[in-house]
Amino acid sequence: MDPLKEMYSREWVMNLGNHLNVVDPNIKPLEFQKQVFSSPWKEMELKERINRLAEVVVQNWQGPISEIYPNILTLIDSLRNQGVSDFNFPYIFLNDIVTKSGLSDFQISMKAFEKITVFSSSEFAIRFFYKEHFDKTLKQMFLWSKHKDPMVRRLASEGSRPMLPWGIGIPEIKKNPEIHLPILESLWDDRNEIVRRSVANHLNDISKLNPDLVLKFCNHKFGKTPELDKTLKHSLRTLLKKGNAQALGFFSYNTKWKPQKFKFSLSKKEVEVGNALEFKIVLSQNSKDRTKLRLEYKIGFRLSNGNHGFKVFQLGERMLLPSETIEITKKHSFAPITTRVYYPGTHTVSILLNGNEYDMRKFELKRG
């Protein structure tokens, strides 16, 4: 699979140049393509390529955002007329045009984002305005949380996340994550799932900074609809993985439960990078109770300094009936991935039952 940055192919950029030429005949598609692909394009990563596209457009459309804004709208109309769908990631560079040319004109920039975010989300770009115009941007986000378009409402939640992946950090938000709670109160039960999903991600961010805020927010909200309960559960996913008793209690997980019998075994105690660790769990319920069971496992990955970093993975959830015995076999892959470096040495795998670590085994990871 090609890296995501390769979505900006020569054909894609030429097509964009053709649309820009419709908006502004002074932009010649071949020259535009040449500007975009000038060195060091091949060495650029995705964010750098997004920035390059915005830079080239701004070079061709020199002037304040008030003059560029109408061109952006005409370009979006041209793309839509050719069948380009909304919420389209490759066109996210349009937002960078606003940050490069509009930081000094807050009102026009906000009008631009309100339109662009429907076509390609403005969640990363809006954060530059938090940096320059915090109070005004905060007020704008509250206004957008009431907007008729769900993509604009989503921006109010997504763009204000304390720990938005890829987004620049906003210290004021991290220090005071409660500042956006009124927006989340307004949107957590939004009729649109993509908005609710953003709220859940925002609340999950807050749970890493101030768990009590999120627990208080979620308390007494359960039971309205299965869809909304799903949103709340997604909001609490980090606290659930950490075994937070109150979060588990929201979903009727008995954190004091223990199986009548339990067996945990590894198929082997040495695993080569590129292969998988296989383990098996057998557990049984007593003859009297029905128990809602949340099963997870936690890998203790050896780090470069010899310490361990831990990550929890799902094994499933189910209702365990009286006298029932269940058997689960799981393979955890140690195939190389871009988001993790594997270091040889002693690793651990633990079984979690309703948030509690019940048993642990050690194994050795070897270089393949």
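Refer to the preceding data block for the structure.
What you see is a predicted model; the values in this text were computed from it and never measured.

**What to know about unusual backbone geometry**
Link 1 in the chain: Looking along the chain, the bond that leaves serine 39 and enters proline 40 is cis, with omega of 10 degrees.
Link 2 in the chain: Look at histidine 220: it is not a glycine, yet its phi comes out positive at around 70 degrees.
Link 3 in the chain: As for its position among the elements, histidine 220 is in the loop between helix 13 (211-218) and helix 14 (226-235).
Link 4 in the chain: The phi dihedral of serine 252 falls on the positive side, at around 65 degrees, and the residue is not glycine.
Link 5 in the chain: For serine 252, the position within the fold is in the loop between helix 16 (245-250) and strand 1 (261-266).
Link 6 in the chain: Residue class for serine 252 comes out exposed when judged on its relative accessible area of 55%.

**Considering the side chain of glutamate 324**
Link 1 in the chain: With respect to the secondary-structure elements, glutamate 324 resides in the loop between strand 5 (308-320) and strand 6 (325-333).
Link 2 in the chain: For glutamate 324, the contacting residues outside a window of four places in its chain are Leu283, Ser284, Gln285, Arg318 and Met319.

**Let's talk about the sheet that holds strand 5**
Link 1 in the chain: Strands sit in the order 2-8-7-4-5 across an open sheet of five strands; the sheet is mixed. Of all strands in the sheet, those with a lone pairing partner are strand 2 (270-272) and strand 5, marking the two edges. On average, each strand axis in the sheet is tilted by 30 degrees relative to the strand beside it, whichever way the strands run.
Link 2 in the chain: Pairing of strand 4 (residues 291-302) with strand 5, which is carried by twelve bridges, proceeds in the antiparallel orientation. Across the sheet, the residue bridging to leucine 293 is arginine 318, located in strand 5.

**Points about the sheet that holds strand 3 (residues 276-284)**
Link 1 in the chain: Ordered in space as 1-3-6, the three strands form an open sheet in which the pairing is antiparallel. Both edges of this open sheet fall to strand 1 and strand 6, since each of them pairs with a single strand only. Taking the axes of each pair of neighbouring strands and ignoring which way they run, one obtains an average angle of 10 degrees across the sheet.
Link 2 in the chain: When strand 3 meets strand 6, the two strands line up antiparallel, connected through nine bridges.

**Some remarks on the packing of helix 4 (residues 65-81) against helix 5 (residues 93-101)**
Link 1 in the chain: Taken N-terminus to C-terminus, the directions of helix 4 and helix 5 make an angle of 175 degrees; their axes are 10 Å apart at the nearest point. Taken together, the axes of helix 4 and helix 5 are roughly antiparallel relative to one another. Across the interface between the two elements, Ile65, Ile68, Ile72, Leu75 and Ile76 of helix 4 pack against Leu94, Ile97, Val98 and Ser101 of helix 5.
Link 2 in the chain: Of the residues that constitute the contact of helix 4 with helix 5, the class distribution is eight nonpolar, one polar and no charged.

**With respect to the packing of aromatic side chains**
Link 1 in the chain: According to the stated counting rule, one finds 21 aromatic pairs in the structure shown.
Link 2 in the chain: The interplanar angle of 20 degrees and the centroid separation of 5.2 Å between the aromatic rings of tyrosine 297 and phenylalanine 313 together place this pair among those described as stacked. Of the two residues, tyrosine 297 sits in strand 4 while phenylalanine 313 sits in strand 5, which places them 16 residues apart along the sequence.
Link 3 in the chain: Classification of tyrosine 297 by relative accessible area gives buried; the value is 3%.
Link 4 in the chain: Members of the aromatic cluster, connected to one another through ring pairs, are Tyr8, Trp12, Tyr91, Phe93 and Phe119.
Link 5 in the chain: Between the NZ or CZ atom of lysine 221 and the centre of the ring of phenylalanine 217, over which it lies, the distance is 4.1 Å.
Link 6 in the chain: Positioned over the ring face of phenylalanine 251 is lysine 233, at 5.5 Å from the centre of the ring.

**A few points about the nonpolar core**
Link 1 in the chain: Judged by nonpolar contacts, the single largest core of 83 residues is most densely connected at Phe32, Phe93 and Leu236.
Link 2 in the chain: Among the elements that take part in this core, helix 6 (residues 106-119) stands out by supplying eight residues, more than any other.
Link 3 in the chain: Those residues in contact with leucine 236, other than ones at most four positions away along the chain, are Val214, Leu215, Cys218, Phe222, Ala247, Phe250 and Phe251.
Link 4 in the chain: Counting residues in hydrophobic clusters, the runner-up holds 24 residues, among them Phe264, Leu283, Phe313 and Ile326.

**A short note on the packing of helix 4 against helix 6**
Link 1 in the chain: It is the contact of helix 4 with helix 6, at a shortest axis distance of 10 Å, that shows an interaxial angle of 15 degrees. One way to sum up the angle between helix 4 and helix 6 is to call them roughly parallel. As helix 4 packs across helix 6, the resulting crossing turns out to be left-handed. Of the residues in helix 6, those touching helix 4 at Ile65, Ser66, Tyr69, Ile72, Leu73, Ile76, Leu79 and Arg80 are Ile108, Ser109, Lys111, Ala112, Lys115, Ile116, Val118 and Phe119.
Link 2 in the chain: Its residues assigned to classes, the contact of helix 4 with helix 6 shows eleven nonpolar, two polar and three charged.

Cut-offs and rules
- Residues numbered from 1 in each chain as written.
- Predicted model: local features only at pLDDT ≥ 70, side-chain atom pairs only at ≥ 80, totals over all residues.
- Heavy atoms only, no water.
- Helix = DSSP H or I, 4+ residues; strand = E, 2+ residues; numbered from the N terminus.
- Buried < 20%, exposed > 50% of the residue type's maximum accessible area, 1.4 Å probe, protein only.
- Contact = heavy atoms within 4.5 Å.
- Pairing = 2+ DSSP bridges.
- Axes fitted to C-alpha atoms, helices over the stretch in contact; angles between N-to-C directions.
- Parallel < 35°, antiparallel > 145°, perpendicular 65-115°, else oblique.
- Nonpolar A, V, L, I, M, F, W, Y, C, P; charged D, E, K, R; others polar.
- Phe/Tyr/Trp six-rings, centres within 6.5 Å; stacked < 30°, edge-to-face > 60°.
- Lys NZ or Arg CZ within 6 Å of the ring centre and 35° of its normal.
- Core = buried A, V, L, I, M, F, W, Y, C linked by side-chain atoms within 4.5 Å.
- Left-handed = near helix turned anticlockwise from the far one by under 90°.

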